[in-house]
Amino acid sequence: QVQLVESGGGLVQAGGSLRLSCAASGSIFSIYRWGWYRQAPEKERELVARIHTGGSTNYADSVKGRFTISRDGAENTVNLQMNSLKPEDTAVYYCRVWTPRSDYWGQGTQVTVSS
């Protein structure tokens, strides 16, 4: 089992920045991929970014060049640095990790970008 706790959400003006963090505990040795997803009201949950243990990353086209995903192995966390935020980035952001047996989700953190 893996437990995930997200932090760092909040309200920011368009053009501003936020940094999300997701701390993992439990069977963290088996995690091979970390990711951030988001879900806006009345929309489906979508991938924002993910990072593999080897360091390779993937980003949604809508956030490329503005968001950066990174891992802190010592702290067992994954971070999402979000710059140049837009109102359309408003959503609940969820951390997700994968292990060979299952995947796990955090509880989500709200990000609201005002115009």
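Values in this document were obtained by computation on a predicted structure and should not be read as measured data.

Participant: I'd like a description of the pattern of salt bridges, backed by residues and values.
Facilitator: Two side chains of opposite charge can pair, provided their charged atoms sit close to one another. Applying the stated criterion to the full structure yields 5 salt bridges. Its salt-bridge partner being Asp 89, residue Arg 38 comes within 2.9 Å of it at the nearest N-O pair. Taken as a pair, Arg 38 in strand S4 (residues 33–39) and Asp 89 in the loop between strand S8 (77–82) and strand S9 (91–98) lie far apart in primary sequence, 51 residues in all. Here Asp 61 ties to Lys 64 by a salt bridge, and the two come within 3.1 Å at their closest N and O atoms. Residue Asp 61 is classed as exposed on the basis of its relative accessible area of 65%. Bridged by salt links that share partners, the residues Arg 38, Glu 46, Arg 66 and Asp 89 form one connected network.

Participant: Talk me through the nonpolar core; I want residue IDs and the actual numbers.
Facilitator: In terms of nonpolar packing, the biggest core is built from 29 residues, with Trp 36, Leu 80, Met 82 and Tyr 93 touching the most fellow members. Where this core is concerned, the elements lending two or more residues are strand S1 (2–7), strand S3 (18–26), S4, strand S5 (46–52), strand S7 (67–72), S8, S9 and strand S11 (109–114). The contact partners of Leu 80, leaving out residues within four places of it in the chain, are Leu 18, Arg 19, Leu 20, Trp 36, Val 48, Ala 49, Phe 67, Thr 68, Ile 69 and Tyr 93.

Participant: Describe the packing of aromatic side chains, with residues and values.
Facilitator: Per the counting criterion, the structure on display carries 3 aromatic pairs. Judged by centre distance (6.4 Å) and plane angle (45°), the rings of Tyr 37 and Trp 98 are tilted. Placement of the pair is Tyr 37 in strand S4 and Trp 98 in strand S9, with a sequence separation of 61 residues. A single burial state applies to Tyr 37 and to Trp 98, both of which are buried. Judged by centre distance (5.0 Å) and plane angle (65°), the rings of Tyr 37 and Trp 105 are edge-to-face. Taken together, the residues span a long stretch of sequence, with Tyr 37 in strand S4 and Trp 105 in strand S10 (residues 103–105) at a distance of 68 residues.

Participant: Hey, could you go over the side chain of Glu 6 for me, with residue numbers and the actual values?
Facilitator: Examined against the element boundaries, Glu 6 turns out to sit in strand S1. Of the buried charged residues, Glu 6 lacks a salt bridge, with Arg 45 as the closest side chain of opposite charge at 7.8 Å. At 2.7 Å, the side chain of Glu 6 forms a polar contact with the backbone nitrogen of Cys 95. Among the polar contacts listed, one links the side chain of Glu 6 to the backbone nitrogen of Gln 107, at a separation of 2.9 Å.

Analysis parameters
- The residue count restarts for each chain, going from 1 along the sequence in the order it is written.
- Note on the predicted model: pLDDT of at least 70 is required for a residue's local features to be given, and 80 or more for side-chain atom pairs to be given and counted; whole-chain, interface and lining totals, by contrast, use all residues.
- Excluded from the side-chain calculations are hydrogens and water; all other atoms, namely the structure's heavy atoms, are used.
- When a carboxyl oxygen of Asp or Glu is within 4 Å of a side-chain nitrogen of Lys or Arg, the pair counts as a salt bridge.
- Here a strand is any run of E in DSSP of at least two residues, a helix any run of H or I of at least four, and the numbering for each starts at the N terminus.
- Working definition: with a 1.4 Å probe on protein chains only, accessible area under 20% of the residue-type maximum means buried, over 50% means exposed, and in between means partly exposed.
- To qualify as a nonpolar core, a set must consist of buried Ala, Val, Leu, Ile, Met, Phe, Trp, Tyr and Cys residues joined through side-chain atoms within 4.5 Å.
- Contact between two residues is taken to exist if any of their heavy atoms lie within 4.5 Å; hydrogens are not considered.
- Stacked, edge-to-face and tilted are the three classes for Phe, Tyr and Trp ring pairs, Trp counted by its six-membered ring, which pair at centre distances within 6.5 Å; planes under 30 degrees apart are stacked, over 60 edge-to-face, the rest tilted.
- Neither His nor the chain ends contribute to the count of charged residues, in which Lys and Arg are positive and Asp and Glu negative.
- Side-chain atoms alone can form a polar contact between residues adjacent in sequence; in general such a contact is a pair of N or O atoms within 3.5 Å, and within protein one must be able to donate a hydrogen while the other accepts it.

Distances and angles like these do not, on their own, reveal function.
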